[in-house]
Amino acid sequence: MGWLAAGDGYEVALVEGRVAARATSGRAAGRRLKSLPKQVREHPEVERLRRLAEWLDRHGAVCVARVDAWMVSSLPVPTELVVRVWPDEAWRSVLRDLVVVGDDEVGFLRDVTDSGELRIVNLDGETVRLSPETVTLPHPVLLPDLEELREFAAELGVTQRVEQIHRATWGRPVDPAEPGKPGEKAAEVKEFAGGRFASRFGLAARATSLGYRVSGGYATCVVRDAGRSAEAAVWIGEPYWDGETETGNLTWHDREGRRLPSREVGPVAWSEGMRMAAALYAGRDVEKGTNA
């Protein structure tokens, strides 16, 4: 954005999300200053720019959260919507380089044309133009060419603001009695149980900082998978207990609270539940020393 007058001898602007100043006269004229001079810190233009910077931060966070929700749920997104928000830098920085699927083409979203087409680069290295009614931003567990996409992304120097192709994934186990079919028993994972925390408050704070909901004695995440909603839940301790606590087992439930068997937990819901449990467990207290 342009520089704005802020008192005698100074101009201010937002530079990389922060208010910056430059002198308009003297030996430093035209040069950006390392810090805001005392004379302009309380100037109305500076205060307006600070508020704008705060709004832009909130707007950017909303864009990330919205696109992450589209990706986790693999929801169809109208192509027209992508085209309309693309000129907004906050939206563009989140959408650019995500893997999209449309018209049976899979590739990294690189640009939007003036005519409203999406430009993607596929695994053959070819730039393809798409204009389907909707596209999806698939969860990585649903991408059959995930490893190839990761290798190609490294070649292109792709970075994603929404964790997609490098997102940790877990495959759903199968019933050994019926290879190829998910188990019939209620799904319960103990792999990440027993993670010790000094306080239940600290574990709950970790859950919320990671973006998960704390409800009652559980950390939870709701995932829309293949048109159905499933809630993954990890026990974190009684709500009003602030003593030492441990992570419990991971389970999945439907909207009515019924425990779901493995065969009814979709691949995305399974992977995201495991991701939550692993992230909580990673923050546990680890004993050190020869007797640990």
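Residues numbered from 1 in each chain as written. Predicted model: local features only at pLDDT ≥ 70, side-chain atom pairs only at ≥ 80, totals over all residues. Heavy atoms only, no water.

Student: I'm lost on the layout of surface pockets in this one. Help?
Tutor: A water-sized probe, rolled over the atoms, reveals where empty space remains. In this model, the largest pocket occupies a volume close to 490 Å³. In this structure, the largest pocket is lined by 23 residues; those nearest its centre are Asp68, Arg167, Gly211, Tyr212 and Glu272. Counting residues per element, the ones that place at least two in the lining of the largest pocket are α1 (44-73), β13 (218-225) and α6 (267-281). Take the lining of the largest pocket: its biggest share by element is six residues, from α1. Considering the residues around the second largest pocket, the lining is formed by 15 residues, among which Glu16, Gly17, Leu56, Glu89 and Ala90 are closest to the centre. Among the elements that line the lining of the second largest pocket, the one with the most residues is α1, at five residues. Within the lining of the second largest pocket, the residues separate by chemical class into six nonpolar, four polar and five charged. (1 Å grid on protein atoms, 1.4 Å probe; cavity = no way out; pocket = protein on both sides within 12 Å on 5 of 7 lines; lining within 4 Å. Points joined across faces, edges and corners; volume = space filled by probe spheres on them. Helix = DSSP H or I, 4+ residues; strand = E, 2+ residues; numbered from the N terminus. Nonpolar A, V, L, I, M, F, W, Y, C, P; charged D, E, K, R; others polar.)

Student: Can you walk me through the nonpolar core in this structure?
Tutor: Judged by nonpolar contacts, the single largest core of 51 residues is most densely connected at Val67, Leu95, Leu109, Leu137, Leu250, Trp252 and Met276. With eight residues, the top contributor of residues to this core is α6. Ignoring anything within four residues of it in the chain, the contact list for Trp252 reads Ala187, Val189, Glu231, Ala232, Arg258, Arg259, Leu260, Val265, Ala269, Trp270, Gly273 and Met274. If you look at the next biggest cluster of nonpolar residues, it comprises 11 residues, including Ala6, Val12, Leu36 and Val46. (Core = buried A, V, L, I, M, F, W, Y, C linked by side-chain atoms within 4.5 Å. Buried < 20%, exposed > 50% of the residue type's maximum accessible area, 1.4 Å probe, protein only. Contact = heavy atoms within 4.5 Å.)

Student: So what exactly am I meant to see when it comes to α6 here?
Tutor: The terminal C-alpha atoms of α6, which comprises 15 residues, lie 21 Å apart, in line with the 21 Å expected from a rise of 1.5 Å per residue. Here α6 lies mainly inside the structure; 12 of its 15 residues are buried. Three or more residues of α6 are buried, namely Val268, Ala269, Trp270, Ser271, Glu272, Gly273, Met274, Arg275, Met276, Ala277, Ala278 and Leu280. (Expected span 1.5 Å × (residues − 1).)

Student: Is there a simple way to explain the sheet that holds strand β3 (residues 18-23) in this structure?
Tutor: One key point about sheets: their strands pair by backbone hydrogen bonds, in either a parallel or an antiparallel sense. Taken in spatial order, the three strands make up an open sheet running β1-β2-β3, and their pairing is antiparallel. Edge positions in the sheet fall to β1 (4-5) and β3, since each has one partner strand and no second. Together, β1, β2 (10-15) and β3 form the strand contacts of α1, whose direction differs from that of β2 by roughly 5 degrees. (Pairing = 2+ DSSP bridges. Axes fitted to C-alpha atoms, helices over the stretch in contact; angles between N-to-C directions.)

Student: Hey, could you run me through unusual backbone geometry in this one?
Tutor: Here Ser74, not a glycine, exhibits a phi torsion of approximately 50 degrees, which is positive. For Ser74, a relative accessible area of 19% puts it in the buried group. One non-glycine residue with positive phi stands out, namely Asp103, at about 55 degrees. Along the chain, Asp103 falls in the loop between β5 (99-102) and β6 (105-112).

Student: Even after reading the chapter, I still don't get the sheet that holds strand β14 (residues 228-235), so can you show me in this structure?
Tutor: With respect to topology, five strands assemble into an open sheet ordered β10-β16-β14-β13-β12, the strand pairing being antiparallel. Taken across any chain shown, the strands that pair with only one partner, and hence form the sheet edges, are β10 (188-189) and β12 (213-215). Examined bridge by bridge, β12 and β13 share three bridges and lie antiparallel to one another. The residue bridging Arg213 from the neighbouring strand is Thr220, located in β13.

Student: Please clarify how the packing of aromatic side chains should be interpreted in this entry.
Tutor: Aromatic ring pairs: the centre-centre distance and the angle between the two ring planes describe each pair. This model, assessed by the stated rule, comprises five aromatic pairs. Consider the rings of Trp252 and Trp270, whose centres lie 4.4 Å apart with planes at 10 degrees: the pair is stacked. Linking Trp252 in strand β16 (residues 250-253) with Trp270 in helix α6, this pair joins segments that are 18 residues apart in sequence. Relative accessible area serves as the criterion here: at 0%, Trp252 is assigned to the buried category. On the basis of relative accessibility, which here comes to 5%, the residue Trp270 falls in the buried class. (Phe/Tyr/Trp six-rings, centres within 6.5 Å; stacked < 30°, edge-to-face > 60°.)

Student: Sorry if this is basic, but what is going on with helix α4 (residues 146-156) here?
Tutor: The α-helix winds at 3.6 residues per turn, so residues separated by three or four positions along the chain end up facing the same way. Every buried residue of α4 is listed here: Leu146, Leu149, Phe152 and Ala153. Projected onto a plane normal to the axis of α4, the buried residues spread over an arc of 125 degrees and lie on a single side. Residues of α4 that are exposed and angled more than 90 degrees away from the buried face: Glu151, Ala154 and Glu155. Phi turns positive, to about 75 degrees, at Gly157, one or two residues after α4. (Arc of directions from axis to C-beta.)

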